[in-house]
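# Structure assessment
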Amino acid sequence: MTEKVRSAIKPLVVLLLFVMLFISCSDDDLNSVDAGIIDNLNFLTEEIISEVEFSNERISRVESANNGEFLLGVFEEENIGKIRASFVSQLVLPTTLDYTSIEPVGDSIITPSIDDVVLYIPYISTVTSIENGLYHYELDSVFGNKIDDLSYEGFTVKVHELATFLNPLDPTDPSRPNTFYSDKVYDVDALLKEEFTLSPSATDTLDVVERTINNVVYATEDATLTNNAPMIAIHLDTTFFSQKILSILPGKGGDAPSELQSQDSFIRYMKGLYLEVTSSDGASIATLPLVNAFVNMYYSNVVSNSVTGEKIDTIQNLMRFNLGNVRASKYESVDEINYPRDTDKIYLQGTVGSQANVKLFGYDENNPDVVSAELDDLRAASNSADDKPIWIINEANLQFYVDEDFVNSTPSDIVYKLFLYKKTPNYNSVILDYINNINTTLTLQEGNLVEENGSYYYKFRITDYIEQLLDGSNTGNVDNFGLRLYNPGDYPVSFNDTVVSSINWNPRGVVLFGGNTGDETSENRVKLKINYSYQNR
């Protein structure tokens, strides 16, 4: 980087030349400017290759309540792992609670009667064509075994009334939001939907609701999303909702009972829903935007004469409860793979799958503060006797190649992005390079999948980190690095955004070639490359 050149070259004339070049050049020209300065000042450029060790480890749990999307189903990435995903959610109390918008007249009375209760969850989908005003879709974020171009193999689900209170605030510090983890155990009360098979399909665009009185269907209506987008529609126990909610709704202008007077009181009375996936076969898993999910309670108001019992009118109504406030995923690993895996390959899978520890310069997790001889030697070589840097670190990078057997066997696209971070004792943190290049193209491209000459790899530049590590005033040890699947929000958005969250809702996996077997002749083994320049004195 140009800043490194400026700090390492001391003659004033060079500094003036650098400043003029910096002002006159765009960011894209800086690399070539660096090379020109180095050449003109008789600099030599060399490269060091440092061997990298790694280990695989199971991810035991992740934060699960602030997800942008939620998983439902069972997904198996062959030879990597199998994940089962369920979720819980509170319901949001509607702003209007009157079961009727009219008042009885004379001897008339209004009696509400439950018709149907349906949970609607939209899929993430893309319009593929529009024919005669009819939209056709494909599902974007469902992974697993396809039945055909539009449908996937199914998994079994139950829907429960949640018995565990999802406290939105941290009980130990109510000024902070509560944290939920993917291994939390949830208690249940009523069963709202017997076990059924849910098969994701882009053709699930229409739901039929039956209006009934005394178990007799008097009308039907079609329920659809905007532009007939595909959705999940789960019909729930009407008796439960009739007794739990409809029976205590106030009439027009009436006072709501204590259970419905606020959102806080409501979530203590009706704690929410638990969608529990019960199957174990790796059929399919859907990524769902629960922010757009809701429960519709369909009911009819029967207007009748209180004296004669004669029915005067039937008015169709519905009340909507959005899924919201607190939502949390539950992930389970349902494979039989034991960790740590003694192998020369790196196995990565999101959620509660697996990640890797990446160890540079002989890092020893049993002695994390002990500086290795390799790191000591590099510091001695890269600094003068008075600990001033004499190396200009042009680039330091790690490359991880996708295992060829995995490339040949995977039925879908390879995971497009990975994430490298520091695993510190108290919390995980971002690498210095991410902070120094916030919201730049460089950071946005870090860890992206690259195809080159028939091979696939992920590349991470850790130039600033290595420069700081080799600085003569630094006596600390190298950090342990973690490598995992990327999740939206991993990269920092400000200079203070340094903590790495464990949140992850990507069920996919990838196998990387590691090279732990000591095959130093393999070009695709994991290695750290340090390209540096120094003045030929």
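Residues numbered from 1 in each chain as written. Predicted model: local features only at pLDDT ≥ 70, side-chain atom pairs only at ≥ 80, totals over all residues. Heavy atoms only, no water.

### Focus: the packing of aromatic side chains
Going through the model one piece at a time under the given rule, you end up with 17 aromatic pairs. The interplanar angle of 45 degrees and the centroid separation of 5.5 Å between the aromatic rings of Y120 and F294 together place this pair among those described as tilted. Taken as a pair, Y120 in strand β5 (residues 108-122) and F294 in strand β18 (residues 294-305) lie far apart in primary sequence, 174 residues in all. Look at Y434 and Y491: their rings are 4.8 Å apart centre to centre, the planes differ by 75 degrees, and that puts the pair in the edge-to-face class. (Phe/Tyr/Trp six-rings, centres within 6.5 Å; stacked < 30°, edge-to-face > 60°. Helix = DSSP H or I, 4+ residues; strand = E, 2+ residues; numbered from the N terminus.)

### Considerations on the pairing of strand β23 (residues 418-423)
The element β23 is largely enclosed, with a buried count of six among its six residues. As paired elements, β23 and strand β24 (residues 428-429) share two bridges and run antiparallel to each other. Opposite K423, over in β24, you have N428 as the bridge partner. (Buried < 20%, exposed > 50% of the residue type's maximum accessible area, 1.4 Å probe, protein only. Pairing = 2+ DSSP bridges.)

### Describing the sheet that holds strand β25 (residues 449-452)
Taken together, the five strands give an open sheet; going across it, the order is β1-β29-β22-β26-β25, and neighbouring strands pair in antiparallel fashion. Every other strand in the sheet has two partners, leaving β1 (43-51) and β25 as the edge strands with one partner each. In this sheet, adjacent strand axes meet at a mean angle of 30 degrees when their direction is disregarded. Along the sheet, helix α10 (residues 463-470) makes contact with β22 (392-401), β26 (455-461) and β29 (527-535), crossing β22 at roughly 125 degrees. (Axes fitted to C-alpha atoms, helices over the stretch in contact; angles between N-to-C directions. Contact = heavy atoms within 4.5 Å.)

### Considering the environment of I530
Along the chain, I530 turns up in strand β29. Overall, the relative accessible area of 0% leaves I530 in the buried class. Taking C-alpha positions, I530 is 8.1 Å from T463, a pair spaced 67 residues apart along the chain.

### With respect to the pattern of salt bridges
By the definition in use, this model includes 17 salt bridges. In this structure, R211 engages D115 in a salt bridge whose closest nitrogen and oxygen atoms are separated by 2.9 Å. Pair noted here: R211 is in strand β13 (residues 207-213) and D115 is in strand β5, with a separation of 96 residues, a long-range link. Accessibility expressed as a relative area gives 3% for R211, which makes it buried. Between E365 and K359 there is a salt bridge, with its nearest N and O atoms 3.1 Å apart. On the accessibility criterion, E365 (43% relative accessible area) is partly exposed. (Salt bridge = Lys/Arg side-chain N within 4 Å of Asp/Glu carboxyl O.)

### Comments concerning α10
Here α10 lies mainly inside the structure; six of its eight residues are buried. Inspection of α10 places T463, D464, Y465, I466, L469 and L470 among the buried residues, and these make up the whole buried set.

### Notes on the pairing of strand β4 (residues 81-91)
Of all eleven residues in β4, eleven are buried; the element is thus mostly enclosed. Side-chain alternation along β4 places G81, I83, A85, F87, S89 and L91 on one buried face and K82, R84, S86, V88 and Q90 on a second face that is also buried. Both strand β3 (residues 70-77) and β4 contribute to a ladder of five bridges, which runs antiparallel. Across the sheet, the residue bridging to G73 is A85, located in β4. Here β3 folds back onto β4 in antiparallel fashion, the turn holding three residues, of which N79 has a positive phi close to 70 degrees. Where β4 and strand β19 (residues 311-333) come together, nine bridges link them in antiparallel fashion. Each bridged residue has a counterpart across the sheet, and for L91 the counterpart in β19 is L323. Taken together, the three bridges between β4 and strand β16 (residues 273-277) define a ladder with antiparallel strand orientation. Across the sheet, S89 pairs through a bridge with L273, a residue of β16.

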